[in-house]
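Each chain, letter by letter, is given below.
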Amino acid sequence: MMGNNMKKMMIVLVFFSLLIVLLSFSLNLYGSERRNNDEWNKLLGGYNSDGAQSIALTEDEGYIIGGLTKSYGSGSWDVWLIKTDEDGNMLWNRTFGGKEEDSAESVIQTKDGGYLLCGYTFSFGTGSADIWIIKTDDDGNMLWNKTFGGENNDYGQSIIQTNDGGYALIATTLSFGSTDNDRDIWLIKTDGNGDIMWDKIFGGSGIEWGSDLIQTNDGGYCIVGSTASYGAGGWDVWLLKLDENGDVIWEKTIGDEGMDDGSCIEQTRDMGFIITGSSTSYSSGGWNNALLIKTDQNGNTQWINVFGDYVGKLAEDAGNSVIETQDSYLIAGITSSYDIGAFDAWLLKIDKKGNEIWNKTFGGRERETANCVLQAKDGSYIILGETNTYGQKKDAWLIKCQDYPPPEIKIERPKPNYLYLFGKEILPLRQTIILGGIIVTSEVYDLQNKIDRVEYYLTGQDYETEPRAIIHSPPFNWEWTSSAFGLYEITAGAYYGNAGSVAVDTVNVRIFNI
């Protein structure tokens, strides 16, 4: 009997052990799935205006952010260094600066676990504005700093750590170059202590500026910026390939008679390059579009595409940052083609042939922008930008969003080019005219079931920042009966997820309701 009881107990113990293992495995999967589906957006700032220009993923899977602040520090604007955890919560922040304007335009984590900032300073140096680099330890405490510049303005734009443990930075200089008081591109190579090893100036008789710098797989460098000295006309994207000593191997201009600007570059897996920026040359309406250029390893253009330029709307759109993922490219920028307000932060997913897969906008009725994008370890997308809608004034804005197509919203009533009389559709016209009130109806296409609310705005001569109606469940209809007289824009914004994303539709109408 004792032997049988022991066998039964052993079977029961094995069964419960297996059950616990299976439950743990299921919970871990569920927890991982929930975490991968997380979205959030975090405000970073204080009582005054603050901004963020650059972000990098850190060894602990958190983020390091560089920017500028008026809320903290000792001067007008100070360099601002922010460390967050993987959920965007601020762990600490540091400020550096004097009484004048100082800003960080680029930040990296260095191989020793510390951080390096690059930007400009009006507080220190020899000229009006000088390039400023600041090295810190892993807690953000300054170890050393260097200024570079001449009598005029010099602005640091982007910095990298090089294969030899030193650093390379790209800047725009008015102090040095081929022509007095014109802007040229300045490349500076330093050792690990920030002391200059060599530097190079690139430019002609016109205006040039450098936007981004990478070290390529062959140990050389690639610079992207803009040139008015060379190319087809106006401003052209300027791509320069350099050897490890900064000497030009080849250079390419990309553009036409309009204004074309390169703002960010990344070397792709096929050893070519992907570049984003803005263009009026390739846009259909002559306004700025976000620009995406793919080249081979020798800088020869493989394809060019532009995004934005919403039909019937004079829009301004631009790409500020680009990355390559396993199956696509991600552009972060700014749009007024698909915005709900003045400008919105913008994220576009593009396939490897340059075709749009989806685009998402983030923001409210004031100006927002996305300055950087990177991919987190869990596959989600991290956007760094700025917001004027949320927070106290202008705040840095950190967003985590997932990879899914956005919902759509379409205003079905009033239809474009119809006459409405006290809500009834009467007959087609050359424009939309509403006499009396109307029920505005919208259809949503929300396969992911993400929509939280729909906000309606009516904009005439006075720009409204507060919605006329907020509707949290379908049908997303708004009964409008207030008095109005003149030309108006009806805007419907469907907010979805937790990243501050909004899908937008608008219709222009003439309203006569006294």
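Residues numbered from 1 in each chain as written. Predicted model: local features only at pLDDT ≥ 70, side-chain atom pairs only at ≥ 80, totals over all residues. Heavy atoms only, no water.

Glancing now at the overall build of the protein. Along its length, the protein carries 1 helix and 38 strands. Its C-alpha atoms put the protein at 95 × 75 × 50 Å along the principal axes. When each of the 514 residues of the protein is scored for burial, the buried share is 52%. A sequence separation of at least 24 residues applies to 49% of the contacts in the protein between residues at least 6 apart. Here the protein holds 39 positive side-chain charges and 72 negative ones, and the gap between their average locations is 8 Å. (Helix = DSSP H or I, 4+ residues; strand = E, 2+ residues; numbered from the N terminus. Buried < 20%, exposed > 50% of the residue type's maximum accessible area, 1.4 Å probe, protein only. Contact = heavy atoms within 4.5 Å. Lys, Arg positive; Asp, Glu negative; His and termini not counted. Charge placed at Lys NZ, Arg CZ, Asp CG, Glu CD.)

Here the focus is the pairing of strand E6 (residues 102–109). Summarising burial for E6: 8 of the 8 residues are buried, a large majority. Where E6 meets strand E7 (residues 115–121), 7 bridges bridge the pair, whose relative direction is antiparallel. Looking at E7, one finds that Ile-108 is bridged to Leu-116. (Pairing = 2+ DSSP bridges.)

A separate point is the pairing of strand E28 (residues 395–401). E28 sits mainly inside the fold: 7 of its 7 residues count as buried. Note that strand E1 (residues 40–44) and E28 share 5 bridges and pair antiparallel. Paired with Leu-44 across the strands is Ala-396, a residue of E28. Where strand E27 (residues 381–387) lies against E28, 7 bridges are found, and the strand directions are antiparallel. Looking at E28, one finds that Tyr-381 is bridged to Cys-401.

Looking at the protein, pLDDT values average 91 and 90% of them are 70 or higher. Counting contacts from residues 5–37, a segment whose pLDDT is below 50, to residues more than four positions away or on other chains yields 8 contacts. (pLDDT = per-residue confidence, 0-100.)

Take the sheet that holds strand E19 (residues 273–279) next. Pairing is antiparallel in the open sheet, where 4 strands are placed in the order E18-E19-E20-E21. The sheet is open, and its two borders are formed by strand E18 (260–267) and strand E21 (301–307), each paired with just one other strand. Geometrically, the sheet is characterised by an average inter-axis angle of 20° between neighbouring strands, direction not taken into account. (Axes fitted to C-alpha atoms, helices over the stretch in contact; angles between N-to-C directions.)

This next bit is on the pattern of salt bridges. Across all of its chains, the model carries 15 salt bridges by this definition. A salt bridge links Lys-349 to Asp-403; the nearest nitrogen and oxygen atoms lie 2.6 Å apart. A residue pair is termed long-range when its members are at least 10 positions apart, and Lys-349 in strand E24 (residues 344–350) and Asp-403 in the loop between E28 and strand E29 (408–413) qualify at 54 residues. Looking at Lys-349, the relative accessible area reads 7%, which means it is buried. The partly exposed category is assigned to Asp-403, whose relative accessible area is 36%. Here Lys-394 and Glu-386 are joined by a salt bridge, their closest N and O atoms 3.7 Å apart. Each of the salt bridges in this network shares a partner with another, and the network as a whole consists of Asp-452, Arg-453 and Glu-455. (Salt bridge = Lys/Arg side-chain N within 4 Å of Asp/Glu carboxyl O.)

Reading across the sheet, the 4 strands line up as E1-E28-E27-E26 and stay open at both edges, with antiparallel pairing between neighbours. Across the chains shown, the open sheet's two edge strands, defined by having one partner strand only, are E1 and strand E26 (368–375). Direction aside, the axes of adjacent strands within the sheet are offset by 20° on average.

This paragraph deals with the packing of aromatic side chains. Across all of its chains, the model carries 18 aromatic pairs by this definition. Centroid distance Tyr-338 to Trp-346: 5.8 Å. Interplanar angle 40°. Geometry classified as tilted. You can call Tyr-338 partly exposed: its relative accessible area is 25%. A relative accessible area of 0% means that Trp-346 is categorised as buried. Aromatic rings pair up to connect Tyr-120, Phe-122 and Tyr-155 into one cluster. Lying over the aromatic face of Tyr-418, Lys-415 brings its terminal NZ or CZ to 5.5 Å of the ring centre. (Phe/Tyr/Trp six-rings, centres within 6.5 Å; stacked < 30°, edge-to-face > 60°. Lys NZ or Arg CZ within 6 Å of the ring centre and 35° of its normal.)

Looking now at the environment of Asp-243. Note that Asp-243 resides in the loop between strand E16 (236–242) and strand E17 (248–254). Measuring from C-alpha to C-alpha, the distance between Asp-243 and Leu-447 comes to 50 Å, with 204 residues separating the pair along the chain. Excluding residues within four positions of it along the chain, Asp-243 makes contact with Gly-220, Tyr-221 and Ile-249. There is a polar contact of 2.8 Å between the side chain of Asp-243 and the backbone nitrogen of Asn-245. (Polar contact = N/O pair within 3.5 Å; in protein donor to acceptor, adjacent residues only side chain to side chain.)

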